[in-house]
Amino acid sequence: MGKETFLARQPIVDAKHRLLAYELLFRQSMASVSAQISSPLQAGVEVIGNTLCLGPDWLLQGKLAFINLDEATLMSDFVTLLPPSRVVYEILETVQVTPVLVARIQELRQLGYRFALDDFVCLDEYRPLLPLVDFVKLDVLEQHPEKTVEIIAHLQRQFSGHFIAEKVETREMFELCRRCGIEYFQGYYFARPENLANKPIQPGQLAVLELMDTVRRSEDLGEIEEPLRRNAALTLRVLRFANSAHAGLGQPVHTVRQALALTGLNTLYRWLALLLVTANPAPGNAVLARTAVARGRLCELLGRNRVDRAAQDELFMTGLFSLAEPLMEVALARVLDLLPMPQPVVQALLERDGPYSPFLALTEASEHRDFEAIACHARAIGCSPEEVNLAQLQALAWAEEMAHEAGA
């Protein structure tokens with residue numbers, strides 16, 4: 001299994017409590033309540049790496065990320081791994097202001113990166129940085145409110161960017177800062193840091209995801225064949241599946257091109273989805289994997305005579321991926337970010353809404369033998385309980401067969 005990823009994030013909001021950004025904070029474990037930093041360089045690199053691992057889209061939901069940097073991290077190449085449109089780098093108050101530092105900030109600004117001064121104090125040595133930063137963060141818990149008002153008034157005469165009051169813990173302090181013209185706020189008054197954990201998608205899973213994406217986008221067998229050539233294990237599985245599926249031909253399938261031509265892209269895509277969801281060897285996953293396959297098949301069978309062939313395939317994906325999160329140990333939203341699905345599938349999986357939601361609900365009710373719910377959801381799609389029962393038996397039998405063929 002891969003190393004588990006930990007981060008904390010704390011909202012930064014405007015005066016109307018609308019979300020501007022998250023400050024991303026280093027955490028060593030899910031139980032950590034503070035950073036416990038032994039190496040600032042390690043902390044900065046871990047936050048950048050974990051942001052990439054968790055996925056900026058899933059983690060930030062379209063908002064900015066504020067990330068603390070010490071001097072060593074700022075000088076490293078790691079800072080350019082995150083897209084400049086998504087990040088604001090906070091220069092820690094411990095960083096010594098030198099001509100080298102100023103030149104580095106100017107270089108990164110040319111690439112589109114933005115900066116904030118963290119825990120700013122009114123010392124002359126920090127003045128050269130004011131024209132280079134977009135935000136100044138003020139720790140309003142460190143001094144008396146009257147001193148805070150004095151600092152804000154002094155800074156407003158020489159800084160034209162945005163102010164963020166941090167460590168705002170009371171409504172009184174929020175109102176005081178707002179009256180002084182501060183635009184953005186961060187602190188316990190709004191929200192405490194939220195610890196997040198996620199397991200990275202494994203290399204084998206990524207290979208299957210990438211191949212599925214290629215199959216979805218292209219009908220060029222050469223383009224689909226190329227990633228298979230680079231992955232011996234996946235090639236062997238595809239050949240095994242093709243030989244099993246076409247055993248009646250009397251001639252074995254020896255090449256990837258033969259396998260692709262005989263199998264067809266729609267069938268290949270479905271098989272790859274099965275492989276992705278059911279290939280986790282963790283103890284206890286075999287039964288759950290078969291349940292996922294049976295769900296997919298049952299959703300598909302229930303769609304027959306009710307939706308077209310393309311929608312039946314989408315119903316299969318809906319049922320199959322409904323258990324992807326516990327099987328892959330990766331957030332479902334993260335999987336769907338990497339493998340875009342049709343909107344009705346996403347609606348059913350993430351929102352329990354849309355045209356496929358009743359089919360998934362009926363499938364789950366059938367698993368639990370909830371006869372009242374079965375009758376209710378069956379009526380919603382125009383299906384009799386007897387038809388549901390027959391389809392479930394067919395789905396269970398098919399799941400056993402496909403689990404064997406896919407090597408699950």
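All figures in this text were calculated on a predicted structure; none of them were measured in a lab. Here, residues in each chain are numbered from 1, in the same order as that chain's written sequence. Whole-chain, interface and lining totals are the exception, using all residues; otherwise, since this is a predicted model, local features are given only for residues with pLDDT of at least 70 and side-chain atom pairs are given and counted only at 80 or more. Excluding hydrogens and water, the side-chain figures rest on all heavy atoms present in the structure.

> Could you give an account of the pattern of salt bridges, with specific residues and numbers?
Between side chains of opposite charge, a pair can form as their charged atoms come close. In the sections that follow, a salt bridge refers to a side-chain nitrogen of Lys or Arg positioned within 4 Å of a carboxyl oxygen of Asp or Glu. For the structure shown, the criterion picks out 17 salt bridges. One connected set of salt bridges, linked through shared partners, spans E23, E90, K137 and E166.

> So what about unusual backbone geometry? Which residues, and what values?
Within the chain, N305 stands out as a residue other than glycine whose phi angle is a positive 70°. Structurally, the position occupied by N305 is in the loop between α12 (285–303) and α13 (309–321). With a phi angle near 50°, R352 is a residue other than glycine that sits in the positive phi range. Assignment of secondary structure puts R352 in the loop between α16 (343–351) and α17 (357–367). Throughout this description, buried means an accessible area under 20% of the type-specific maximum (1.4 Å probe, protein chains only), exposed means over 50%, and partly exposed covers the range between. For R352, a relative accessible area of 42% puts it in the partly exposed group. Here a helix means four or more residues in a row that DSSP labels H or I, a strand means two or more in a row labelled E, and each is numbered from the N terminus.

> Outline the pairing of strand β7 (residues 162–166), supporting the account with residue identities and numerical values.
For β7, a buried count of four out of five residues is recorded, marking the element as mostly surrounded by other parts of the structure. Looking down the strands as they point away from the viewer, one classifies a crossover as right-handed if the path from the first strand across the helix to the second runs clockwise. Assessed by its sense of winding, the connection that carries the chain from strand β6 (residues 135–139) through helix α5 (residues 145–156) to β7 is right-handed. Criterion used throughout: strands pair if DSSP finds at least two bridges between them. Bridge count for β7 against strand β8 (residues 184–186) is three bridges, and the pairing is parallel. Residue pairing across strands places E166 opposite Q186, the latter belonging to β8. With helix α6 (residues 171–179) bridging β7 and the parallel β8, this β-α-β connection has right-handed handedness.

> Could you give an account of the packing of aromatic side chains, naming the residues involved and the relevant values?
Stacked, tilted and edge-to-face pairs are distinguished by plane angle, under 30 degrees for stacked and over 60 for edge-to-face with tilted covering the rest, among Phe, Tyr and Trp rings (Trp via its six-membered ring) whose centres lie within 6.5 Å. All chains considered together, the criterion is met by eleven aromatic pairs. Clustering of aromatic rings is evident, with ring pairs tying together F174, F185, Y189 and F190. Geometrically, a charge over a ring is one whose NZ (Lys) or CZ (Arg) sits within 6 Å of the ring centre while staying within 35 degrees of the ring normal. Against the face of W398 rests R297, its NZ or CZ located 4.8 Å from the ring centre.

> I'd love a proper account of the side chain of R104, names of residues and values included.
With respect to the secondary-structure elements, R104 resides in helix α4 (residues 99–110). The class of R104 is buried, set by a relative accessible area of 9%. Pairs of N or O atoms within 3.5 Å make up the polar contacts considered here, provided that, within protein, one atom can donate a hydrogen while the other can accept it, and that residues adjacent in sequence are counted only when both atoms are side-chain atoms. Within the structure, the side chain of R104 is placed 2.7 Å from the backbone oxygen of S76, a separation counted as a polar contact. Two residues qualify as a contact provided that any one of their heavy atoms is within 4.5 Å of a heavy atom in the partner residue. Contacts of R104, omitting those with residues within four sequence positions, involve L74, M75, S76 and V79.

> Kindly report on the confidence of the model for the chain, identifying the contributing residues and their values.
Confidence scores per residue from the predictor, reported as pLDDT, run from 0 to 100. Mean pLDDT over the chain stands at 79; residues scoring 70 or higher make up 82%. Under a pLDDT of 50 for its full length, residues 28–39 has, in the predicted model, 20 contacts with residues more than four places off or in other chains.

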